[in-house]
Amino acid sequence: MKLGHDPLPISPAAHYAVGGLPVDDIGRPFVKDSGEIFPRLFAIGEVACTGMHGANRLASNSLLEAVVYAARAAEHIISNPPTKHQNELPDWRADGLDNLSEHTPVVHDKNELRQTMTQEVGIVRRFSRLNRAARRLELLGQEVDRLWRESIPTRSIVELRNLILVGQLVTEDALTRKENCGLHFNQDLVKE
Ligand SMILES: Cc1cc2nc3c(=O)[nH]c(=O)nc-3n(C[C@H](O)[C@H](O)[C@H](O)COP(=O)(O)OP(=O)(O)OC[C@H]3O[C@@H](n4cnc5c(N)ncnc54)[C@H](O)[C@@H]3O)c2cc1C
């Protein structure tokens, strides 16, 4: 067998966010500083930060966690049925905007975002690569903002805009870490 040609290629991959929205013990997201709860909203599964696993997740516990929190949230909703609220959502803004005629940039930008996050903000990090990612994400953010202002929002633009924002938050957070903890690993923070 030639060196470097693995018959079964194996590589590390991120498969859990280990973060997301801080939630209480029934899955209601809250503001970290004030503890204020977002009304009528539940976050369960991969999107939630329950704090159950600390800085790392114990293997195979995420599905269990999602099921437990889903059951707790359901019990809470059944015993506290929501009252009718007025529709407080603003109208979807589309007046005076053009249909998105070119779809290709959205596809390219999404691919670039995926590549940047995988290569520069992956499992083993370095400050230089995180900064490189931050610069690229800034540019992608500007591009999608331009599309966002000029076109009628489509699902793909909304998703891309949200994905870039999440990428920026993850990168920002990784840049502010001062120590390696759980699965957050930055080569530059290894103490000799
Ligand atoms: C490779 C891998 C291995 C894993 N192994 C394990 C394991 O052994 N044990 C374990 O406990 N956990 C494991 N996990 C983690 C576990 O699978 C996830 O934590 C769990 O599936 C999260 O559930 P979820 O419902 O929050 O999200 P998901 O399962 O990601 O479901 C989200 C759903 O929302 C849909 N969606 C996304 N955007 C939109 C939209 N705009 N509109 C409508 N729908 C949308 C998606 O298509 C998807 O169906 C693994 C994960 C991976 C990736």
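Residues numbered from 1 in each chain as written. Predicted model: local features only at pLDDT ≥ 70, side-chain atom pairs only at ≥ 80, totals over all residues.

*Asks:* Outline helix 2 (residues 104-120), listing residues and values.
*Replies:* With 17 residues, helix 2 ought to run about 24 Å at 1.5 Å a step, and its terminal C-alpha atoms sit 24 Å apart, in line with that. Within helix 2, burial applies to V106, D109, L113, T116, M117 and E120. Down the axis, helix 2 shows its buried residues gathered within 100° of arc, on one side only. Away from the buried face of helix 2 by more than 90 degrees, exposed residues T104, V107, H108, N111, R114, Q115, T118 and Q119 are located. Packed against the buried residues of helix 2 are helix 3 (127-150) and helix 4 (155-176). (Helix = DSSP H or I, 4+ residues; strand = E, 2+ residues; numbered from the N terminus. Expected span 1.5 Å × (residues − 1). Buried ≥ 20, exposed ≤ 12 C-beta atoms within 10 Å, placed from the backbone. Arc of directions from axis to C-beta. Contact = placed C-beta atoms within 7 Å.)

*Asks:* How would you sum up the domain arrangement of the chain? Please name residues and give values.
*Replies:* As assigned here, the chain comprises domain 1 (21-79) and domain 2 (104-189). Between the C-alpha centres of domain 1 and domain 2 there is a distance of 25 Å. (Domains from an automatic or database assignment.)

*Asks:* Explain the site of the ligand residue by residue, including any values.
*Replies:* Every residue near the ligand is listed here: H15, Y16, G45, E46, V47, S60, N61, S62, L63, L64 and A66. Across the shell around the ligand, the residue classes break down as 5 nonpolar, 5 polar and 1 charged. (Near = placed C-beta within 6 Å. Nonpolar A, V, L, I, M, F, W, Y, C, P; charged D, E, K, R; others polar.)

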